[in-house]
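Understanding the architecture of this molecule
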Amino acid sequence: MSTDKNSEEFYAKLKGRLEETTNWPTEYLYKFIVPTEAEKIHRIEQIFDNMGAVITTKASSKGTYTSISINLQMKNADAVIEKYKEVAVVEGVISL
């Protein structure tokens, strides 16, 4: 499937950039935009549950979308990418 190949290429490039520019472990800031639906927001929050994450949500001006910022300590680039992959299964999510 071409989408998987493109995703794997994206994650490989991201891993390279993270390893070149970051001293691990480090604080990492995830940013996502998701349609404003309680279940979708809750699913993303659950992915980061019990990790000591600071999660901030903000609805768009029309309330159609919600931005979710998640700040937490990550041990390496692989751990960062693993969380992106977990969040990617939430329908309609956009990773920034």
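In this text the structure is predicted, and so the values were computed from the model without any measurement.

**A word on the environment of Ile-55**
Relative to the helices and strands, Ile-55 resides in strand S2 (residues 54-59). Residue classification places Ile-55 among the partly exposed residues on the basis of a relative accessible area of 31%. A C-alpha to C-alpha distance of 9.8 Å links Ile-55 and Leu-29, two positions 26 residues apart in sequence.

**Notes on the sheet that holds strand S1 (residues 26-35)**
As summarised here, the arrangement of the four strands in space is S2-S3-S1-S4, forming an open sheet in which the pairing is antiparallel. The open sheet has two edge strands with one neighbour each: S2 and strand S4 (94-95). Where S1 lies against strand S3 (residues 65-74), ten bridges are found, and the strand directions are antiparallel. Paired with Phe-32 across the two strands is Ile-68, which belongs to S3. Helix-sheet contacts for helix H3 (residues 77-88) involve S1, S3 and S4, and the interaxial angle to S1 is about 10°.

The rules behind these values
- Residues numbered from 1 in each chain as written.
- Predicted model: local features only at pLDDT ≥ 70, side-chain atom pairs only at ≥ 80, totals over all residues.
- Heavy atoms only, no water.
- Helix = DSSP H or I, 4+ residues; strand = E, 2+ residues; numbered from the N terminus.
- Buried < 20%, exposed > 50% of the residue type's maximum accessible area, 1.4 Å probe, protein only.
- Pairing = 2+ DSSP bridges.
- Contact = heavy atoms within 4.5 Å.
- Axes fitted to C-alpha atoms, helices over the stretch in contact; angles between N-to-C directions.

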